[in-house]
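Observations on the model geometry
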Amino acid sequence: MTTPTITETVHRSDEPAAPLDLLLAGSARGLAGRMLPDRGWARLAGKLATRPGTLAHRGGTLARELAAVATGRADRAPAKGDKRFADPAWQHNPWLRRSMQAYLATADTAYALLAEADLDWRDTERLRFVLDNLVEGLAPSNNPLLNPLGWKALIDTGGLSALRGARAFARDMATKPRVPAMVEPGAYTLGETVAVTPGAVVLRTPVFELIQYAPQTATVHEVPLLMVPPVINKYYITDIAPGRSMIEYFVARGQQVFTISWRNPHAEHRDWDLDTYVTAIIEAMDAVQTIAGTDRTHLQGSCSGGILAATTAAYLAATGHGDRVAGLTLAVTVLDQARAGFAAAALDERTAATAIERSQSRGYLDGDELAEVFAWLRPTDLVWRYWVNNYLQGRPPAPFDVLHWNADTTRMAAGLHRDLVRIGVTNALAAPGLMELSGTPIDLGAVTADAYVIGGIADHISPWQGCYRSAALLGGADTRFVLSTSGHVAALVNPPGNPKASFRVGPVDADTPEQWLDRAEVTRDSWWPDYAAWLAARSGPTVPAPAAVGGATHSPLDAAPGTYVHHS
């Protein structure tokens, strides 16, 4: 194959085309650049100026409530589940209660004014991001002079908490991504406490390692599963820890499981592009099919890995090899970028060009800058929570394997970054023939394999509505959409046994995501057993499990998790 090209015609639909997300381009501006006033602010002011009645009503209501707060007559309380104000002092101390109530009343007024300005969706999403960060950053719970947790820690430790907090602050601000650490360095060890499912590297190329997992059952399904991980984090989110590992779960149910472990690119790998990664997936499929002795493979991709897996499936279909894909699984993957939330709204052609130029000059997109973007998309959960814990209370963050993985960042090669941004700017995957690989037009509708598509109902990276619209692009007769509880990562790391977990499931047969939601069947617990049954039904007969991983042409090279996963 040769470098992929994208035709100049921009896909038009009822919704404006949008880029992949600000994970690929927002880092070019940084947080400060995204917070600075722009034309969206001017449009907000103009809209509100035409609604003097709205301003007067909201202003009067706020003034009356602040007066009630000042005199101690207000009954405003934080929302259920708002842990920022869980300490009893916020209710019983009159000064703290007043500061909390004034803050909550002002925040509600600000959000109400944004909603009533009736801006277009792009301006609304951009300004909501700004408002979220301003409002959540100004919460009195973040103020070291007000938060009772900080004062209690100071008393309990004889002042040591302040010293520990200052030391943690200095450490975190000294290096990117310059947000509070969510996990202590060294809390987990690859191959010992995370990524521990037994297996071996059976193929190593300059771009990836292919890991095969040792069978744990006497018989296995004939058709194997190849996992394609994201290219902006390391692969082991699917093998995070015993009892919570997706790979461990599927292997224990007789599935032959392989995964790609991408090499962390450096500046000398700047030319690795979409073509490079699609070629790599096909090379991995070749090895998997040779080892398993089959002519078909299940492809499972998540997030950016899902974009690569879907593109590979479409290319194979276009070149007459679509039957090599036994089934296509896309997890938290958005292929149709139309109105994909704030991530889509936050980018324009100018920002895209700036982002591409920046990564080209360095040879890669920096993973630490991506981590900063992730954090400020959910400031209360991923920034201010740790601000209070780490700095105000002087405590180390609680160990959490998923956050260890999240902090274990990787880079993205400049060539792939360029291609993904261009795909997003033109929404190239949403229209047949808009994107080409090696001169071959790509059409997701030509992918006729059965598909299993997973979204997370609280996903702030890949909105589930976009995942649903993406599923509708596939041309198979049987596409199953599953909507899991939780967000981008927790929707996937979702082992059975969680009493709070549930999922909705149904065919992709509704015109809109909202219509699908109304009619989808709700099932308690994890979606993993449903997916394992779906895989088994499409994985052929069971055969004796291989005595060892690899084969005559693919001898084991290193034990899992391999060597590339250790590269920084």
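Residues numbered from 1 in each chain as written. Predicted model: local features only at pLDDT ≥ 70, side-chain atom pairs only at ≥ 80, totals over all residues. Heavy atoms only, no water.

As annotated in an unreviewed UniProt entry, the protein chain carries the name Poly(3-hydroxyalkanoic acid) synthase and is attributed to Rhodococcus ruber BKS 20-38.

Some points on the packing of helix α11 (residues 274-292) against helix α12 (residues 304-318)
Two numbers describe how α11 lies on α12: the axes approach to 10 Å, and their chain directions differ by 75 degrees. Overall, the two elements α11 and α12 adopt an arrangement that is roughly perpendicular. The residues of α12 that touch α11, namely those facing Leu274, Tyr277, Val278, Ile281, Ile282 and Met285, are Leu308, Ala309, Thr311, Thr312, Tyr315 and Leu316. (Axes fitted to C-alpha atoms, helices over the stretch in contact; angles between N-to-C directions. Helix = DSSP H or I, 4+ residues; strand = E, 2+ residues; numbered from the N terminus. Parallel < 35°, antiparallel > 145°, perpendicular 65-115°, else oblique. Contact = heavy atoms within 4.5 Å.)

As for the packing of aromatic side chains
Two descriptors summarise a pair of aromatic rings, namely the distance from one centre to the other and the angle between the planes of the rings. Counting across every chain of the model gives 24 aromatic pairs. When the centroid spacing of 4.8 Å and the interplanar angle of 55 degrees are considered together, the rings of Tyr452 and Tyr531 count as tilted. Linking Tyr452 in strand β13 (residues 451-456) with Tyr531 in helix α21 (residues 528-537), this pair joins segments that are 79 residues apart in sequence. The same class applies to Tyr452 as to Tyr531, namely buried. An aromatic cluster is present here, built from Tyr249, Phe250, Tyr452, Trp527, Trp528, Tyr531 and Trp534 joined pairwise through their rings. Sitting above the plane of the Tyr249 ring, Arg253 keeps its charged end 3.6 Å from the centroid. Above the ring of Tyr364, the side-chain terminus of Arg411 is found at 5.6 Å from the ring centroid. (Phe/Tyr/Trp six-rings, centres within 6.5 Å; stacked < 30°, edge-to-face > 60°. Buried < 20%, exposed > 50% of the residue type's maximum accessible area, 1.4 Å probe, protein only. Lys NZ or Arg CZ within 6 Å of the ring centre and 35° of its normal.)

A short note on the pattern of salt bridges
What the rule picks out here adds up to 21 salt bridges. For Arg58, the salt bridge is made with Glu116, and the minimal N-O distance between the two is 2.5 Å. Taken together, the residues Arg58 in helix α4 (residues 52-70) and Glu116 in helix α6 (residues 94-116) connect sequence positions 58 residues apart. When its relative accessible area of 25% is taken as the criterion, Arg58 is described as partly exposed. On the basis of relative accessible area, Glu116 is assigned to the partly exposed category, the value being 28%. Where Glu209 meets Arg204, a salt bridge forms, and the shortest distance between an N and an O atom there is 2.8 Å. On the accessibility criterion, Glu209 (0% relative accessible area) is buried. The network of salt bridges with common partners includes Glu65, Arg76 and Asp108. (Salt bridge = Lys/Arg side-chain N within 4 Å of Asp/Glu carboxyl O.)

Looking at helix α18 (residues 414-426)
Along an α-helix, a turn takes 3.6 residues, which lines up residues three or four apart on a common side. Between its first and last C-alpha, α18 extends 18 Å over 13 residues, near the 18 Å set by a 1.5 Å rise per residue. Across the 13 residues that make up α18, a large majority, twelve, are buried. Listing the buried residues of α18 in full gives Ala414, Gly415, Leu416, His417, Arg418, Asp419, Leu420, Val421, Ile423, Gly424, Val425 and Thr426. Positive backbone phi, at 50 degrees, marks Asn427, one or two positions downstream of α18. (Expected span 1.5 Å × (residues − 1).)

As for the packing of helix α9 (residues 160-174) against helix α16 (residues 379-392)
The axes of two packed helices give the description: the angle between them and the distance between them. α16 packs onto α9 with a crossing angle of 125 degrees between their chain directions and a minimal axis gap of 7 Å. If you check the angle between α9 and α16, you find them oblique. Taken together, the residues of α16 that come into contact with α9 (itself represented by Ser161, Gly165, Ala168, Phe169, Asp172 and Met173) are Trp387, Asn390 and Tyr391. When its residues are assigned to classes, the contact of α9 with α16 shows five nonpolar, three polar and one charged. (Nonpolar A, V, L, I, M, F, W, Y, C, P; charged D, E, K, R; others polar.)

With respect to the layout of surface pockets
Roughly 690 Å³ of volume is contained in the second largest pocket. For the second largest pocket, the lining is made up of 30 residues, of which Lys176, Pro177, Asp368, Ala407 and Asp408 are closest to its centre. Elements that contribute at least two residues to the lining of the second largest pocket include exactly α9, α15 (367-377) and α17 (401-407). Considered class by class, the residues forming the lining of the second largest pocket number eleven nonpolar, nine polar and ten charged. (1 Å grid on protein atoms, 1.4 Å probe; cavity = no way out; pocket = protein on both sides within 12 Å on 5 of 7 lines; lining within 4 Å. Points joined across faces, edges and corners; volume = space filled by probe spheres on them.)

Structural notes on the sheet that holds strand β6 (residues 257-262)
Within the open sheet, the eleven strands sit side by side as β16-β15-β14-β13-β8-β7-β5-β6-β3-β2-β18. Their pairing is mixed. Each edge of the open sheet carries a strand with a single partner, namely β16 (521-524) and β18 (558-559). The sheet contact formed by strand β14 (residues 479-484) and strand β15 (residues 502-507) spans five bridges and is antiparallel. Bridging across to β15, Ser484 finds its partner in Phe503. (Pairing = 2+ DSSP bridges.)

What to know about unusual backbone geometry
What you tend to see is this: most non-glycine residues have negative phi, and most peptide bonds are trans. Between Lys176 and Pro177 the backbone carries a cis peptide bond, its omega angle lying at 10 degrees. In this structure, the amide linkage connecting Ala560 to the following residue, Pro561, adopts the cis form with an omega of 15 degrees. Summarising the element assignment, Pro561 is placed in the segment after β18. With phi around 40 degrees, Val332 is a residue other than glycine that occupies positive phi space. Topologically, Val332 is positioned in the loop between β8 (325-331) and α13 (341-345). Of note, Ser438 is a non-glycine position whose phi angle comes to about 55 degrees, a positive value. In this structure, Ser438 sits in the loop between β11 (435-437) and β12 (440-442). The class for Ser438 is partly exposed, based on a relative accessible area of 25%.

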